[in-house]
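Here are the chains, one letter per residue:
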Amino acid sequence: MTAINPQPAVSLPRGRPKSKILRRVRESCIMAGLIGCGVFSIATTLTIIVILSVEALRFFRLDEVSFWGFISGTKWSPLLGAEKHFGVWPLICGTLLVTAVAMAVALPLGLITAIWLSEYAKPKVRAVIKPVLEVLAGIPTVVFGFFALTVITPGLRWLHEGFGVYNAASAGLAVAVMCLPIVTSLAEDALRAVPRSLREGAFGLGATRFEVAVKVVTPAALSGIVAAFLLAIARAVGETMIVALAAGASPSLTLDPRSEVQPMTGYMVQIFLGDASNYGAEYYSSYAVAATLFLMTLLLTLIGHRVRVRYRQVYE
Amino acid sequence: MNELASHPPSARSGRFLKDHLFVAVCLLAAGLCIAVLGVLLASIITQGIEHLDTHLLMNPPSRKPEKAGIYPAMIGTIYICLVCAVSAIPLGVGTAILLEEFKPRQKTLARLHGFVQLNITNLAGVPSVVYGILGMTAFVEVFKVMGSPGDPVWTLGTPENWYYLQLPFGRGVLAGGLTLMLVVLPIIIISSQEALRAVPNSLRQGALALGATRLQMVWGTTLPAAVPGIMTGTILAMSRAIGEAAPILIIAGVVYITFTPEHLMDDFTAMPLQIYDWASRPQESFHQVAASGIMVLMAILLTFNAAAVMIRQKFQR
Amino acid sequence: MPATIPKHPEVNMMNPSIPLPPAPAEHDKTMRKSDPSTGHGDTQPAIEVAGFDAWYGDFHALKNMNMVIPEKRITAFIGPSGCGKSTFLRWINRMNDLVPSARAAGTLKLHGQDLLDSSTDVVELRRHVGMVFQKPNPFPKNIYDNVAFGPRLHLRMSRVELDQVVEQSLRSAALWDEVKDRLKSPALSLSGGQQQRLCIARAIAVGPSVLLMDEPCSALDPRSTAAIEDLMAQLRNDYTIAIVTHNMQQASRASDYSAFMYQGELIEFGDTEQVFTMPRNEQTQNYITGRFG
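A brief structural summary. (Residues numbered from 1 in each chain as written. Chains lettered and ligands numbered in written order. Predicted model: local features only at pLDDT ≥ 70, side-chain atom pairs only at ≥ 80, totals over all residues. Heavy atoms only, no water.)

1. Some points on the interface of chain B and chain C
Interface size, as often reported, equals the accessible area lost upon joining of the parts. Between chain B and chain C, the contact holds 17 residues from the first and 27 residues from the second. Both faces considered, chain B and chain C share a buried interface measuring about 1700 Å² in area, 64% of it formed by carbon and sulfur atoms. Where chain B touches chain C, the interface holds eight residue pairs in polar contact (both at pLDDT 80 or more). Every element with two or more residues in the side of chain B that touches chain C is listed here: helix 8 (201-209) and helix 9 (214-243) of chain B. The element contributing the most residues to the side of chain B that touches chain C is helix 8 of chain B, with seven residues. For the side of chain B that touches chain C, the class distribution of residues is seven nonpolar, eight polar and two charged. (Contact = heavy atoms within 4.5 Å. Buried area = accessible area lost by both parts, 1.4 Å probe. Polar contact = N/O pair within 3.5 Å; in protein donor to acceptor, adjacent residues only side chain to side chain. Helix = DSSP H or I, 4+ residues; strand = E, 2+ residues; numbered from the N terminus. Nonpolar A, V, L, I, M, F, W, Y, C, P; charged D, E, K, R; others polar.)

Set out below in structure tokens:
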């Protein structure tokens, strides 16, 4: 460093200059720490990938398992019976069924509430709805599971006798309640980010509020809304406690929401709760299931990211 | 008169009819949200009010529902959340500072920066049960390279000492807390990033123009200005940690524990686990105890959320 | 007459983008009325600019600037928005380092030290070149801590010394009498004009020799503007001040020299009196008479 050395204009008390070497050493240490933090987050992802793939590979090497049987099999019975079957589709089916029920309720309801909050609702009404959503968002999932078990399931069984004691619909509805605040608040953020001028332009052309909300604002916020939907789906796919409590524990390849299913997360909980010996095929199978689950959520996250980046409208 | 007036009024009213219909649908949707919350709270209160007393708060769980208590689970939750907070807050805020305040100009570094950012987004989407498996392998067993939890390669003190440590950690408080840390870390990072982003750039420029280095700028101006936002986000993340059950379930399992943990390696149970245990039993009477436990849990969470809201409002200027 | 300020400007009317550095001293005897003691003849160069170009990405923001900013004088930069005057100011203390796409080439020297040189320590540079921004940006701390922020970064000093620095800086910024009884109250509770003077005090407290002011009054009411202008008049004996302003009156009132810029080019630079009363360039003439801009 070359010195810039004009005299300070006004003579102020100058004290002693602080040591630059000391500062540089201290700052290097802090920077190393900060970079360490960033490295930690990458290390976490890498560790997840390594653990899941190593243990899943160990699972596929076992005699009674084949990779092809895993990804194409339609029967999953790792615990019972003389012959074990490891076909993952019944578990995936359970996950998708619960997710489908949940999204069929949460996405439209959440989007409508979001549009209403952002385009119609008066501040006073917002002041009621927003805290309700915040409280809903803060409720632990085990509470929703309990709610599904003790309120939704009896309710469904009262409506229609075909529902089982454990069923996909009940778990799905509870997941819907859980996802509702996520969809609503993220979609509302996207809608509110649409500039006022766009709305004013449409109103200036004689559009009604409905037309402005549905034909102008919603399309303009579409990328944010889609990203919110994808995030909600990812949360529903990965939801554990609700399905562990309310969906049941018998994997079956069915599309009937009244019947008992076992989603992937439910199976993992069952294994780690100690129903299986620690080193058998069924124990390692949970890693293969976890890897499948991780791939699904990773895919959803990446698609959501792409949508946000690719189709984002930038407003000044 | 003119063309505007010549439009048939029915077309207009049709369009406005749609508008009114939509408002009705919206009201219905919003009403449904409130109704669901109402039913949920009402059902839990009616089921749980009977067992909600000091006996529940001060006693260990029992085989008899009327004698069951939640004390060890409460203490367990406090311990793992303390471990979680102590580890997650510095790591999370540090990562947020790195990502927000040290955006590199160089191309390769900028790409790396974008990759770390995407990685955080991805981590936020990983199901918590997967973090449970990660914690199981990385903390409980330490990748099986350090012996087994029952036969540790390294110990500090004996299980009688309060400072007892061992490697691998085993299914103890430390492993549970660190696993929770993994779950809430992305939440803390993202909310801290948002808080830092909300600090006006003029403050940063002001500090730099006085000859502050980047770190002095962060420490002297940006971070203090972002503290309320970071605190709000952190409190919300911690309330998530308190209610999180799935990863803890994998680490600790559902065990019948009547004592409180004495050191970081000790077995533990947590409130969501205890509630899950009660809720998954067939007996109706245990469901009532579960509801009482939920009321305690929700009371704690509401306190946390209220604190977050108060901080947000106090500094919202 | 120092050799670094070449004599006699011959502005090439065919190519106004390369104005030769003018010799403001020429005019001082006849033109300067307010302050005969200034003695323009003894000005030293503070900032030397030669063949200076700057870009934002592909946008050529500054084109071949050549000028010498004299020491302990007020130099005003005028011109329509987007003409590059703020960009130039932000190169002098390298604030443009914050803009990822910004780069520059040419000579930009402060007291002989090349500012664009990679060996230049920008942190050290900014200690010597204070900056005041368009909008007052006091830190959300109390008044005392705002002024003490800079000294605390660079210097180890006793409580008493620090108190002295804060008091003197606030006095220099003509703010001491208004705030001496409430040094511990939040800086954001001050009025806009007071906040801006606090920012000036904060810059002075580090002990700079150059003060850059980027439209310091554009967010202020007329009374606060007058206060800032008075303050500038007091500071001009001690500091080299470069001020960017949209306000033509302000430039003519408060500055010793004026530079007119247009579309990234330095069109005319000279004694303020001369630039405003008999501009040599037609564009300058048009701008100051309000025909465009």
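2. Digging into the packing of helix 4 (residues 71-101) of chain B against helix 9 of chain B
Residue and element names in this part refer to chain B. Interaxial distance between helix 4 and helix 9 falls to 9 Å at its minimum, and their mutual angle equals 140°. In terms of orientation, helix 4 and helix 9 fall into the oblique class. For the element pair helix 4 and helix 9, the recorded crossing hand is right-handed. Every residue of helix 9 that contacts helix 4 at Thr77, Cys81, Cys84, Ala85, Ile89, Val93, Ile97 and Glu101 is listed here: Arg214, Met217, Val218, Thr222, Leu223, Ile230, Thr234, Met238, Ala241 and Ile242. Among the residues making up the contact of helix 4 with helix 9, the classes are represented as 13 nonpolar, three polar and two charged. (Axes fitted to C-alpha atoms, helices over the stretch in contact; angles between N-to-C directions. Parallel < 35°, antiparallel > 145°, perpendicular 65-115°, else oblique. Left-handed = near helix turned anticlockwise from the far one by under 90°.)

3. Some words on the pattern of salt bridges
Residues and elements named next belong to chain C. Scanning the model with the defined rule gives 24 salt bridges over all chains in all. With a shortest N-O distance of 2.7 Å, Glu167 and Arg171 are connected by a salt bridge. With Glu167 and Arg171 both in helix 5 (residues 159-172) and four residues apart, this pair spans about one turn of that helix. Assessed through its relative accessible area of 27%, Glu167 is described here as partly exposed. We classify Arg171 as partly exposed; its relative accessible area is 45%. For Arg253, the salt bridge goes to Glu229, with nearest N and O atoms at 2.6 Å. One end of the pair, Arg253, is in helix 9 (residues 248-254); the other, Glu229, is in helix 8 (residues 222-235), and 24 residues separate them in sequence. Judged by relative accessible area, Glu229 falls into the buried class, the value being 11%. (Salt bridge = Lys/Arg side-chain N within 4 Å of Asp/Glu carboxyl O. Buried < 20%, exposed > 50% of the residue type's maximum accessible area, 1.4 Å probe, protein only.)

4. Here we look at the packing of aromatic side chains
Tallying each qualifying case throughout the model produces 21 aromatic pairs over all chains. Consider the rings of A:Phe59 and A:Phe60, whose centres lie 5.4 Å apart with planes at 55°: the pair is tilted. For the pair formed by A:Phe59 and A:Phe60, the shared burial category is buried. Cluster of aromatic residues (ring-pair linked, three or more members): A:Phe59, A:Phe60, A:Phe67, A:Phe70, A:Trp76, A:Phe86 and A:Tyr267. One cation-aromatic arrangement involves C:Lys184 over C:Tyr144; the distance from NZ or CZ to the ring centre is 4.3 Å. Above the plane of the ring of C:Phe139 lies C:Arg202, whose end atom (NZ or CZ) is 4.2 Å from the centre. (Phe/Tyr/Trp six-rings, centres within 6.5 Å; stacked < 30°, edge-to-face > 60°. Lys NZ or Arg CZ within 6 Å of the ring centre and 35° of its normal.)

5. Comments concerning unusual backbone geometry
Glycine aside, residues mostly have negative phi, and peptide bonds are mostly found in the trans state. For the bond running from B:Leu167 to B:Pro168, omega is -10°, close enough to zero to count as cis. Assignment of secondary structure puts B:Pro168 in the loop between strand 4 (165-167) and helix 7 (173-197). At B:Val142, a position not held by glycine, the phi torsion is positive, near 45°. Considering the arrangement of structural elements, one finds B:Val142 in the loop between helix 6 (128-140) and strand 1 (147-148). Despite not being glycine, C:Gln263 shows a phi value in the positive range, around 50°. Looking at where C:Gln263 falls in the secondary structure, it is placed in the loop between strand 10 (257-262) and strand 11 (265-271).

6. Some details on helix 9 (residues 222-238) of chain A
Its 17 residues place the ends of helix 9 of chain A 24 Å apart at the C-alpha level, agreeing with the 24 Å of an ideal helix rising 1.5 Å per residue. Three or more residues of helix 9 of chain A are buried, namely A:Ser223, A:Ile225, A:Ala227, A:Ala228, A:Phe229, A:Leu230, A:Ala232, A:Ala234, A:Ala236, A:Val237 and A:Gly238. (Expected span 1.5 Å × (residues − 1).)

7. As for helix 7 of chain B
All names here are of chain B. Relative to the 36 Å expected for 25 residues at 1.5 Å per residue, helix 7 spans 35 Å between its end C-alpha atoms, a close match to the ideal helical length. Roughly 40° is the biggest bend found in helix 7, and it falls at Val184, with proline Pro186 one to four residues downstream. With 21 of 25 residues buried, helix 7 lies mostly within the body of the structure. (Bend = angle between axes of the 7 residues up to and from the residue.)

8. Overview of the pairing of strand 6 (residues 129-132) of chain C
All names here are of chain C. Alternating positions in strand 6 separate into two faces, Val129 and Met131 on one and Gly130 and Val132 on the other, with burial throughout. Strand direction decides the pairing type here: strand 6 and strand 8 (residues 210-214), joined by four bridges, are parallel. Residue Met131 lies in a different strand from strand 8, and its bridge partner there is Leu212. (Pairing = 2+ DSSP bridges.)

9. A few points about the interface of chain B and chain A
Opposite the 79 residues of chain B that make contact, chain A presents 74 residues. Summed over both partners, the interface of chain B with chain A comes to about 6600 Å²; 78% of that surface belongs to carbon and sulfur atoms. Contact with chain A buries area across many residues of chain B, yet B:Phe22, B:Ile133 and B:Tyr276 alone supply 9% of it, more than any other trio. Taken together, the links from chain B to chain A amount to two salt bridges. Of the charged contacts in the structure, one is a salt bridge between B:Arg312 and A:Glu134, with a shortest N-O distance of 3.7 Å. Counting every contact that joins chain B to chain A gives seven residue pairs in polar contact (both at pLDDT 80 or more). For the side of chain B that touches chain A, the element with the most residues is helix 2 (residues 9-48) of chain B, which contributes 21 residues.

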